[in-house]
Structure formats: structure tokens, C-alpha cells
Amino acid sequence: MAVAKFAEIKEFMLSQIEIGAWPEHSRVPSENELAEQFSVSRMTARRALQELTEQGILYRTQGVGSFVAALKSQSSLLEIRNIADEVQARGHAYSARLLQLTELPCPTIIASALGLRRNDPVFFSLIVHLENNLPLQLEARYVNPLQVPNYTAQDFSYQTPHQYLSLIAPLTEAEHTVEAIWPDDFTCKHLVLKKAEPCLRLTRRTFSRGGAVSLAYLTSPGSRYRLGGHLNFSLPNI
């Protein structure tokens, strides 16, 4: 019964955030208030608050309470854009070459990133994105089956993984790491590099309201791709 009530509390809180009843940085009910509202113990209410905090949906201020976290997806340092849209916006032809789409035993490092256990099932896709038939990006993506159960049934020659995931598990948060790498033979082959050259690798972990959705490694030749962005800064009130 407590498990059902715990899930009920989480679902209620998520729905209030989604419909805008609780905007960003607004205070949510306390453990005592939730326990009274749902006729449960404080421990059950605390678990709901704790898990929503761990998922980045809430944040806690000691001695004050729990608040709705700011959604960081589209206003983060690197705007999350669909690569097909980027290519087409330049007036060029986009296409994709699917190399692999399968289910694998989850490696330890991926399990940690996606909130799974080692050797749990995880979906994996490997795709080359092309601009005017020239390879632009090699995308290796691990996807959480608990969040997106039909991922391996999709046709990614028709739509990109980003497009599909945005529809099925709308983005609430993303983490990025950018680094320069020296490509291995496999990467050189699929990016059609006549000789090895420095590449740009973007590692991106995305989240939906239910938790981590995917971990993607996006590798592009330095001579064919660049990252950019525009930041707005608010001046303090004087």
C-alpha cells in the first residue's frame, strides 16, 4: 500500500509541475503536508520528495523546504538541436546511414549514467549522419529501455533519434561534455577520413521527467563541424 501511495504522490507532484500549477522555484508541499494530504507516513512522503530531488525535478534548501527546479534543456550552454534541421537550415541535403540498432547487456559505466544495473538490457544505436552525402557525425547512443521501450523498432532513416526521443520522452534536462579526440580506425572509416585528424566529441546525457533517457557520443571531424552558441546575461538591478 505504501508503494502505491508513494507512486501516487510522485505522479501528483509531476502533474502539478507539468500543468504549470507549480512554476520553477516555487515551494512544494512539505513532508508533513503530503503525509496529511495522502494519509501516509512521513517516511513515504519523504521518499517521494527525495527521489524527485535526485532526478533533478526538485531541489531542497535546508530549513526552508523543497522547490521546483529550473528546466535546463533548451537554455543550456549548448542548445540541443536536431542535426537534420541543422543541415537543412544550411540548404544542404541530410541523410543517415544506420550501422547498428540492437539490445545489449549494459556496461557498468553506461548503467551508472542511465540509472540501470550492470548487464540490464540497454538499447544501442550507431548512426552516421551525412551532409550532401559526406559524413558529418558518428552517433553512438545508449537508450534506457525503461523510458523508451520501443526504441529499437524505429526507422532512423526516416527520423533521427533526437526527433523520436523528443516526442516519446520530452527533454527536461541535459548534461554536455565537449573534448577534442584523436579518432581510432573505426571512426576514421565511418567518417571517411583519408588520414586521422582531430575530431570533436560531444558527450550528452539527457533526462525526461522519469529520469535519465539516453547517453550519446557524437563525434565529428574538426574540419567539417563546429559548435557555437549565443548566451544572454541579465544585468543586475541597480
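Residues numbered from 1 in each chain as written. Predicted model: local features only at pLDDT ≥ 70, side-chain atom pairs only at ≥ 80, totals over all residues. Heavy atoms only, no water.

Trainee: Would you mind going over the pairing of strand 8 (residues 211-221) with me for this structure?
Mentor: Where a strand is regular, its side chains alternate between the two sheet faces. The element strand 8 is extensively covered by neighbouring structure, given that ten of its eleven residues are classed as buried. In this sheet, strand 8 lies alongside strand 5 (residues 134-143) in antiparallel orientation, the contact comprising six bridges. Within strand 8, the position partnered with Tyr142 by the bridge is Leu215. Bridge count between strand 7 (residues 199-208) and strand 8: ten bridges; the pairing is antiparallel. Its bridge partner lying in strand 8, Arg204 is registered against Ala216. Hairpin connection, strand 7 to strand 8: the antiparallel pair is bridged by two residues. (Buried < 20%, exposed > 50% of the residue type's maximum accessible area, 1.4 Å probe, protein only. Helix = DSSP H or I, 4+ residues; strand = E, 2+ residues; numbered from the N terminus. Pairing = 2+ DSSP bridges.)

Trainee: Can you help me understand the packing of aromatic side chains in this one?
Mentor: Here a ring pair, both rings aromatic, is described through the centre-centre distance and the interplanar angle of the planes. Taken as a whole, this structure holds eight aromatic pairs when the rule is applied. Summarising the aromatic geometry, the rings of Tyr151 and Phe156 are spaced 5.0 Å apart at their centres and angled 45° between planes, so their arrangement reads as tilted. Tyr151 sits in the buried class, given a relative accessible area of 0%. Geometrically, the ring pair formed by Phe156 and Tyr164 is edge-to-face, given 6.3 Å between the ring centres and 70° between the ring planes. No difference in accessibility class separates Phe156 from Tyr164, as the two residues are buried. Taken together, the aromatic side chains of Phe123, Tyr151, Phe156 and Tyr164 make up a single cluster linked through ring pairs. (Phe/Tyr/Trp six-rings, centres within 6.5 Å; stacked < 30°, edge-to-face > 60°.)

Trainee: In this structure, what is going on with the environment of Leu165? I would like to understand it.
Mentor: Relative to the helices and strands, Leu165 resides in helix 6 (residues 161-168). Taking the relative accessible area as the measure of exposure, Leu165 reaches 6% and is therefore buried. Taking the C-alpha atoms as reference points, Leu165 and Thr206, 41 residues apart in sequence, are found 9.7 Å from one another.

Trainee: Got a minute to help me understand the nonpolar core in this structure?
Mentor: Across soluble globular proteins, nonpolar side chains show a tendency to be buried alongside one another. Core analysis: the largest hydrophobic core is formed by 22 residues, its most contacted members being Cys106, Ile110, Leu114, Leu116, Val122 and Tyr142. Those residues in contact with Leu116 that lie beyond four places of it in its chain are Cys106, Ala111, Pro121, Val122, Asn144, Pro145 and Leu146. (Core = buried A, V, L, I, M, F, W, Y, C linked by side-chain atoms within 4.5 Å. Contact = heavy atoms within 4.5 Å.)

Trainee: What is the right way to read the sheet that holds strand 5 from this model?
Mentor: Backbone hydrogen bonds are what pair the strands of a sheet, in a parallel or an antiparallel way. Reading across from one edge, 3-4-5-8-7-6 is the order of the six strands in this open sheet, with antiparallel pairing throughout. Here the strands that pair on one side only, and so sit at the sheet edges, are strand 3 (94-105) and strand 6 (173-181). Taking each pair of neighbouring strands and ignoring which way they run, the sheet shows an average axis angle of 15°. Summarising the sheet, strand 3 and strand 4 (residues 121-131) pair through eleven bridges and their orientation is antiparallel. Counted as the bridge partner of Leu101 is Ser125 from strand 4. Against the sheet, helix 6 engages strand 4, strand 5 and strand 8, with an angle of about 35° to strand 5. (Axes fitted to C-alpha atoms, helices over the stretch in contact; angles between N-to-C directions.)

Trainee: So what exactly am I meant to see when it comes to unusual backbone geometry here?
Mentor: Excluding glycine, residues mostly carry a negative phi; peptide bonds, for their part, are mostly trans. Of note in this structure, Asn119 is not a glycine but carries a positive phi near 75°. Relative to the assigned elements, Asn119 resides in the loop between helix 5 (108-114) and strand 4. Asn119 sits in the partly exposed class, given a relative accessible area of 46%.

Trainee: Mind showing me how you'd approach the pairing of strand 5 here?
Mentor: Of all the ten residues making up strand 5, nine are buried; the element is thus mostly covered by neighbouring parts of the structure. As paired strands, strand 4 and strand 5 are joined by nine bridges and run antiparallel to one another. Its bridge partner lying in strand 5, Phe123 is registered against Val143.

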